[in-house]
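Structural characterization, general
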Amino acid sequence: MTVDDFIAGLPKAELHLHIEGSLEPEMLFSLARRNRLSIPFDSVDALRAAYNFSNLQDFLDIYYQGAAVLRTEADFHDLALAYFDRVAADGVVHAEIFFDPQTHTGRGIPFSVVADGLLAGMAAAETRHGLTSRLILSFLRHLPEADAFATLAAAEPWLDRIAAVGLDSSELGHPPGKFAQVFAAAGGLGLKRVAHAGEEGPPAYVLQALDLLRIDRLDHGNRALEDPALTTRLATERMTLTVCPLSNLRLCVVDDLASHPIARMLRLGLRATVNSDDPAYFGGYINDNYRAVAPLLTREDLIALARNSLSGSFLPPDEVARHLAAVDTYVRTAGASPLEAGDAQGYKTP
Ligand code: ADE
Ligand code: ZN
């Protein structure tokens, strides 16, 4: 068995995925046609060629432009189902997906169209693949907190189908503390809380996410490693970090994959996971991300990453236990065969 095969068969959860970031250029063009919209690119290849980013803002500018082709409930359904179809083949058994309602309500698409379309796609994926999922309503941090409050109010009829609130978009200049009140309100409504922090922002932003937003999970968190006391705290509190290697590469958060901190995070006792962030823009889905960092990791690390993704999910304990047992079974059976030697993409031996 090759390392790639081992990764492919490993049961895992994806905990950091922006559903709008799974909009492949081909679907972008077909939705533009279906909705009679024009886009400023002549071809799929020309669009893909524009996916060349120097930082987070570069990416966000093109990502928000792309999301504008999503208009109807069917569009959101098709987008979600295409993602689930794709990752069911990657061994994903559960996914917790971000959606950015303000990206859509801001251009006149009702919250109901977005939420009902995504929920329909999620239900179809469960029927088709047995793949379960949850929604994370993510606030856009470049907008005022008052807009986040309005979004939370609009979401009220759907709160029983939303697992958590999140915080994304332009990090620098928009510290987590700006959203302390709305996160407190969301917590009061029984929602879990997650936030992007430490992707481009300093360790102080991670500290604010912990202390002011009272997060249950940290999205990215790379720059937390600059602060040893903060790193120790994250490890002690068993905080799950949703790390996104190919995103980090494409947004220049790391210089190259060889210097990606995922192995260091595991050695420091952090509960790190591997995720794709915006796979249509960053060159790969979840298993591409596992494979990208496999040369830095041991076989036990790969198993730990998959286990962390399941235990860091918002599934009830009995479902987590069932998935962890499936990992154990996989590791004992298929995973027990020796790996093929000489695999250039292989994992590190201990
Ligand atoms: N929105 C979509 N992807 C994002 C990322 N990696 N960081 C912040 N906001 C995002
Ligand atoms: Zn993200």
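In case you missed it, the structure is sitting above this.
The sections below set out a description of the structure shown in this document. What you see is a predicted model; the values in this text were computed from it and never measured. In this convention, every chain numbers its residues from 1, walking through the sequence in written order. Chain letters and ligand numbers both follow the written order, the letters beginning at A and the numbers at 1. Local features in this predicted model are restricted to residues of pLDDT 70 or higher, and side-chain atom pairs are both shown and tallied only at a pLDDT of 80 or more, whereas totals for entire chains, interfaces and linings draw on every residue. To obtain the side-chain values, all non-hydrogen atoms of the structure were used and water was disregarded.

1. Focus on the nonpolar core
The nonpolar side chains of soluble globular proteins are, as a tendency, buried together. Core analysis: the largest hydrophobic core is formed by 108 residues, its most contacted members being Ile162, Ile262 and Tyr281. Helix and strand definitions follow DSSP, with helices as H or I runs of at least four residues and strands as E runs of at least two, each counted in order from the N terminus. Ranked by the residues each element gives to this core, the list is headed by helix α7 (residues 111-129), at eight residues. We call two residues in contact whenever any of their non-hydrogen atoms come within 4.5 Å of each other. For isoleucine 162, the residues in contact, after removing those within four places along its chain, are Phe99, Phe111, Leu135, Leu137, Ala155 and Leu191. Nonpolar cores were defined as sets of buried Ala, Val, Leu, Ile, Met, Phe, Trp, Tyr and Cys residues, with membership established by side-chain atoms within 4.5 Å. Exposure is judged per residue with a 1.4 Å probe applied to protein chains only, and the accessible area is read against the type maximum: over 50% gives exposed, under 20% gives buried, and values in between give partly exposed.

2. Looking at the coordination of the zinc ion (ligand 2)
Here the zinc ion (ligand 2) is held by His16 (NE2), His18 (NE2), His196 (NE2) and Asp277 (OD), and the distances to it run 2.0 to 2.2 Å. A 2.8 Å cut-off from the metal defines N, O and S donors, relaxed to 3.2 Å for Na, K and Ca; water is not in the atom list, so some sites may appear incomplete. Sites are called tetrahedral only when four donors show all angles between 85 and 135 degrees, square planar or octahedral only when four or six donors show opposite pairs over 155 degrees and all other angles between 65 and 115, and irregular in any remaining case. Its four donor atoms give the zinc ion (ligand 2) angles of 83 to 174° at the centre, a pattern that matches the irregular case. Mapped onto the sequence, the donors of the zinc ion (ligand 2) take the spacing H-x1-H-x177-H-x80-D. Of the two residues, histidine 18 sits in strand β1 (residues 12-18) while histidine 196 sits in strand β5 (residues 192-197), which places them 178 residues apart along the sequence. For histidine 18, a relative accessible area of 4% gives the class buried. You can call histidine 196 buried: its relative accessible area is 5%.

3. Some points on the environment of arginine 307
On the secondary structure map, arginine 307 appears in helix α16 (residues 299-311). By relative accessible area, which is 29% here, arginine 307 ends up partly exposed. For the pair arginine 307 and glycine 106, spaced 201 residues apart in sequence, the C-alpha separation works out to 38 Å. Setting aside residues up to four positions removed in sequence, arginine 307 forms contacts with Leu324, Val327 and Asp328.

4. Considerations on the state of the cysteines
We call a pair of cysteine sulfur atoms a disulfide whenever their separation is within 2.5 Å. In total, this model carries zero disulfides according to the counting rule given. Cysteine 252 takes part in no disulfide bond, and the closest cysteine sulfur, belonging to cysteine 244, lies 15 Å away. Looking at cysteine 252, the relative accessible area reads 45%, which means it is partly exposed.

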